[in-house]
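Residues per chain, in single letters:
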Amino acid sequence: MRLFFLTSLTMIAFAGNSVLGRLALADGTMDAASYSFLRVASAAVLLLVLVQLRYPADLSHVKRESNWTAALALFGYVAFFSYSYHALDTGMGALILFSCVQAVMIGWGLYKGDRPGVLEWLGIAMAFGAFVFLMSPGLTAPPFVASVIMGFAGVAWGVYSLLGKRATNPLLATTGNFTRVVPMVVALSLVSVLVFDMFAVTPFGITMAVLSGAVTSALGYALWYQVLPLLTATRAAIVQLTVPVLATFGGIVFAGEGLTLRFALCSAFILLGIALSVLAKSKRG
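Residues numbered from 1 in each chain as written. Predicted model: local features only at pLDDT ≥ 70, side-chain atom pairs only at ≥ 80, totals over all residues. Heavy atoms only, no water.

### Let's talk about the overall build of the protein chain
Turning to step 1, where the next piece is worked out: Of the regular secondary structure elements, the protein chain holds 12 helices and 0 strands.
Turning to step 2, where the next piece is worked out: For the protein chain, the α and β elements follow one another from N to C terminus as α-α-α-α-α-α-α-α-α-α-α-α.
Turning to step 3, where the next piece is worked out: Its C-alpha radius of gyration of 18 Å places the protein chain within 12% of the 19 Å reference for a compact globule of 285 residues.
Turning to step 4, where the next piece is worked out: Dimensions of the protein chain, computed from C-alpha atoms along their principal axes, come out at roughly 50 × 45 × 35 Å.
Turning to step 5, where the next piece is worked out: A burial count over the protein chain gives 49% of its 285 residues as buried.
Turning to step 6, where the next piece is worked out: When contacts within the protein chain are restricted to residue pairs at least 6 apart in sequence, long-range pairs at least 24 apart make up 89% of them.
Turning to step 7, where the next piece is worked out: Roughly 13,800 Å² of accessible area belongs to the protein chain as shown, and the carbon and sulfur atoms make up 74% of that amount.
Turning to step 8, where the next piece is worked out: The positive charge centre, built from 16 side chains, and the negative charge centre, built from 9, are 14 Å apart in the protein chain. (Helix = DSSP H or I, 4+ residues; strand = E, 2+ residues; numbered from the N terminus. Rg over C-alpha atoms; globule rule 2.2 N^0.38 Å. Buried < 20%, exposed > 50% of the residue type's maximum accessible area, 1.4 Å probe, protein only. Contact = heavy atoms within 4.5 Å. Areas by Shrake-Rupley, 256 points an atom, 1.4 Å probe, with all protein chains shown as cover. Lys, Arg positive; Asp, Glu negative; His and termini not counted. Charge placed at Lys NZ, Arg CZ, Asp CG, Glu CD.)

In structure tokens:
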């Protein structure tokens, strides 16, 4: 029960990132660069506090556990995520994000020599076909440019996740990487203001960004790394498929978003396809 509760809480936190991002970025309430900066900065501060409480000796190990490659991937995820949620609904953004994350994982496995079986290919084909249909032109199709940007966010998060597997201490690595991203989002904010004259900040937007950084990002990631060793790789992949569903529900409740038949059907086939592929791979392994 404890594992179930902690895992559920973590998935809610991940979905909360999408809900908070959409609430802050919709309708020009806050510009994407400022949101990215406040999210990263608040996450870095709280993570440093958590690390200091757990490893009170010094913070030099934070630098040793992190690296600039992972930080660049994390920066790409945060920035693309923020710029895409100006136009995407909450659930749609989360679905595109996690679909692309899974695509990176599957693609990396193929590159490393993994050979999927029939059921795995069936699941991949089902998910890919539904994703293509979801993105195809139509009255209820999501905005193309924003969808592509969120796709980049998913790829970046997938790369960051792959790099994170090498970390000997994920909490220290995450703290160090968030700390390294701070100057990057500062530079992004300066370019946004000085070059493109884009700046919009409201108390509500600041609150959403800080909550996203300190609570659903920092505490969510810390909690995820606590439960991750207790889950098999298959279960860890499957439970993450609940995030788009939770994000969709959050968008309906908190952002007043609707639910189209196209999105409901496509998301069901995408998630079922990914689940089928993951389960078939676990049985083969």
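### Remarks on helix α9 (residues 203–227)
Turning to step 1, where the next piece is worked out: Compared with the 36 Å implied by 1.5 Å per residue over 25 residues, the 34 Å span of α9 between its first and last C-alpha is a close match.
Turning to step 2, where the next piece is worked out: The principal kink in α9, of about 35 degrees, is found at Ser212. (Expected span 1.5 Å × (residues − 1). Bend = angle between axes of the 7 residues up to and from the residue.)

### Quick look at the pattern of salt bridges
Turning to step 1, where the next piece is worked out: Summed over the entire model, instances satisfying the criterion amount to 2 salt bridges.
Turning to step 2, where the next piece is worked out: Among the salt bridges present, the one from Asp89 reaches Arg22, with a minimum N-O distance of 3.6 Å. In this pair, Asp89 is assigned in the loop between α4 (68–84) and α5 (90–111) and Arg22 in helix α1 (residues 2–25), connecting sequence segments 67 residues apart. (Salt bridge = Lys/Arg side-chain N within 4 Å of Asp/Glu carboxyl O.)

### Focus: the packing of aromatic side chains
How two aromatic rings sit relative to each other is given by the distance of their centres and the angle of their planes.
Turning to step 1, where the next piece is worked out: Under the criterion given, the structure shown has 7 aromatic pairs.
Turning to step 2, where the next piece is worked out: Above the face of the Phe81 ring, Arg39 is positioned so that its terminal group lies 4.9 Å from the ring centre.
Turning to step 3, where the next piece is worked out: The aromatic ring of Phe133 is capped on one face by Arg262, whose charged end is 5.0 Å from the ring centroid. (Phe/Tyr/Trp six-rings, centres within 6.5 Å; stacked < 30°, edge-to-face > 60°. Lys NZ or Arg CZ within 6 Å of the ring centre and 35° of its normal.)

### What to know about the environment of Asn177
Turning to step 1, where the next piece is worked out: On the secondary structure map, Asn177 appears in helix α8 (residues 170–194).
Turning to step 2, where the next piece is worked out: You can call Asn177 buried: its relative accessible area is 4%.
Turning to step 3, where the next piece is worked out: Discounting residues that sit within four places of it in the chain, Asn177 has contacts with Ser66, Asn67, Ala70, Ala71, Leu74 and Tyr160.

### Regarding the nonpolar core
Turning to step 1, where the next piece is worked out: Among the nonpolar cores identified, the biggest contains 74 residues, and Leu74, Tyr77, Leu134, Met150 and Phe178 are the most heavily contacted of them.
Turning to step 2, where the next piece is worked out: Among the elements that make up this core, the one with the highest residue count is α4 (9 residues).
Turning to step 3, where the next piece is worked out: Ignoring any residue separated from it by four or fewer positions in sequence, one finds Tyr77 in contact with Arg39, Leu97, Ala153, Ala156, Trp157 and Tyr221. (Core = buried A, V, L, I, M, F, W, Y, C linked by side-chain atoms within 4.5 Å.)

### Some remarks on α4
Turning to step 1, where the next piece is worked out: Taking 1.5 Å per residue, 17 residues should reach 24 Å; α4 reaches 24 Å between its end C-alpha atoms and fits that length.
Turning to step 2, where the next piece is worked out: In terms of residue burial, α4 counts as a mostly covered element, since 12 of its 17 residues are buried.
Turning to step 3, where the next piece is worked out: Ala70, Ala71, Ala73, Leu74, Phe75, Gly76, Tyr77, Val78, Ala79, Phe81, Ser82 and Ser84 are the residues of α4 that are buried.
Turning to step 4, where the next piece is worked out: Residues of α4 that are buried make contact with α1, α2 (32–54), α5, α7 (144–164), α8 and α9.
Turning to step 5, where the next piece is worked out: Of the residues flanking the start of α4, the one acting as N-cap is Asn67, its side-chain oxygen 3.1 Å from the backbone nitrogen of Thr69. (Polar contact = N/O pair within 3.5 Å; in protein donor to acceptor, adjacent residues only side chain to side chain.)

### With respect to the confidence of the model for the protein chain
Turning to step 1, where the next piece is worked out: Confidence along the protein chain averages 89 in pLDDT terms, with 98% of residues attaining 70 or more.
Turning to step 2, where the next piece is worked out: Mean pLDDT values over the elements of the protein chain span from 74, in helix α10 (residues 233–240), up to 96, in α4. (pLDDT = per-residue confidence, 0-100.)

### Considerations on the environment of Ile106
Turning to step 1, where the next piece is worked out: In this structure, Ile106 sits in helix α5.
Turning to step 2, where the next piece is worked out: Taking relative accessible area as the criterion, Ile106 reaches 27% and is therefore assigned partly exposed.
Turning to step 3, where the next piece is worked out: Spatially, the C-alpha atoms of Ile106 and Val278 are 9.3 Å apart, while their sequence positions differ by 172 residues.
Turning to step 4, where the next piece is worked out: Setting aside residues up to four positions removed in sequence, Ile106 forms contacts with Ile124 and Ser277.

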